[in-house]
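Coordinates in review
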Amino acid sequence: MAEPTQPAVVLSVLDLTPHVRQVVLRPQTQKISFQPGQWVSLKLPVGEKQPLNRAYSMADPSSPYGELTLVFDRVPEGIGSNYLYRLKSGDEISVSGPYGNFVLPMPLDRELLFIARYTGLVPIRCLLKQLVAAHALTSMLLIAVAPSEDELLFHQELLTMAVQSPSFRYLPLVVAGGETEAVAQTLVMLRPLVEGQPKVIPMISGTKRFVRPLRAALMEFGYDRKDVKTETFD
Ligand SMILES: Cc1cc2nc3c(=O)[nH]c(=O)nc-3n(C[C@H](O)[C@H](O)[C@H](O)COP(=O)(O)OP(=O)(O)OC[C@H]3O[C@@H](n4cnc5c(N)ncnc54)[C@H](O)[C@@H]3O)c2cc1C
């Protein structure tokens, strides 16, 4: 956590769904070079013990100008995300990073299986954009779970990606309710894809109540714990 903290200016604010917003920042002191799948720490002037540190994954790969694209949902009663919802273009915010190990494992000698719930998709979208831009030959399958049809994040983009990239398959899944229901429905989809099938490289992202049971299920299907890459948001 020794990366320097620096000011960043908000370049743009855009609603992606009724409850998910994108904010693009530009660090002011130095460019933050990162690998897709990594995150930055925002130091927010809010809450009882300031600054409030909150992590956000980059949604877009590194750009020549150093902008950081962050995408987050508004957590009911969430101090950090509600503060971020108040940001406007031109506002300043403190940021440090990059951090994190949710990056592509090497070698990519098996199919990549990405599983995300809701904004858990953010780091995976960044990884997918990197792979597609690099014309990666690795097969990629994404199971993306959303709480409602209109909260399916990056849906049009992912559909287009699936049409244009023969190595990418996209399985969107709408599950009303919380993580327990999402895990149950995801398992129905997941089981035939992994049980008795050649091993894949699983990467799962979301809250702990979503990620952990799915990792446990994969271990029951014969995966080692270390073979299942995870990013947990809480
Ligand atoms: C490595 C890492 C990367 C992250 N990347 C992102 C990202 O790209 N986009 C993003 O929206 N969030 C991301 N988060 C979560 C983010 O840091 C905050 O925890 C989230 O915005 C909630 O903060 P809050 O202060 O509003 O809520 P808090 O007051 O801290 O309340 C959190 C509570 O809300 C629940 N919750 C509901 N939705 C979320 C959610 N999306 N994340 C965390 N908790 C949630 C948790 O279970 C927890 O009980 C990431 C977290 C980590 C650790």
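Structural notes, computed from the coordinates. Please read all numbers here as calculations on a predicted model, not as lab measurements. (Residues numbered from 1 in each chain as written. Predicted model: local features only at pLDDT ≥ 70, side-chain atom pairs only at ≥ 80, totals over all residues. Heavy atoms only, no water.)

Description of the side chain of R215
The following threshold applies: Working definition: helices are DSSP H or I runs of at least four residues, strands are E runs of at least two. Numbering for both runs from the N terminus. Any two residues whose heavy atoms approach within 4.5 Å at even a single point are treated as in contact.
Residue position: R215 is located in helix α5 (residues 208-220). In this view, R215 contacts I204, R225, V228 and T230; residues no more than four positions away in its chain are not counted.

Examining the environment of T119
The condition that has to hold: A 1.4 Å probe rolled over the protein chains alone gives each residue an accessible area, and that area as a share of the maximum for its type sets the label: buried under 20%, exposed over 50%, partly exposed in between. Under this definition, polar contacts are N or O atom pairs within 3.5 Å; protein pairs additionally need one hydrogen-donor-capable and one acceptor-capable atom, and for neighbouring residues in sequence, both atoms have to be side-chain atoms.
Within the element layout of this structure, T119 appears in the loop between β7 (112-117) and α2 (121-133). Given a relative accessible area of 6%, T119 falls into the buried group. The spatial distance from the C-alpha of T119 to the C-alpha of Y56 is 10.0 Å, given a sequence separation of 63 residues. When near neighbours in sequence (up to four residues on either side) are disregarded, T119 contacts V20, V71, F72, D73, L153 and F233. In terms of polar contacts, T119 uses its side chain to reach the side chain of D73, at 3.0 Å.

Some thoughts on the sheet that holds strand β10 (residues 201-206)
We apply this condition: At least two DSSP bridges between two strands are needed for those strands to be called paired. Fitting a line to C-alpha atoms yields each axis, with helices limited to the stretch in contact; the angle taken between N-to-C directions then spans 0 to 180 degrees.
Here five strands make up an open sheet; going across it, the order is β9-β8-β7-β10-β11 and the pairing parallel. Taken across any chain shown, the strands that pair with only one partner, and hence form the sheet edges, are β9 (168-174) and β11 (229-232). Strand-to-strand twist in this sheet, taken as the mean axis angle between neighbours without regard to direction, amounts to 10°. Here β7 pairs with strand β8 (residues 140-146) via six bridges, running parallel. What sits directly across from A116, in β8, is A144. Packing against the sheet, α2 makes contact with β7, β8, β9 and β10, and its axis sits at approximately 150° to β7. Contacting β8 and β9, helix α3 (residues 155-164) runs over the sheet at an angle of about 145° to β9.

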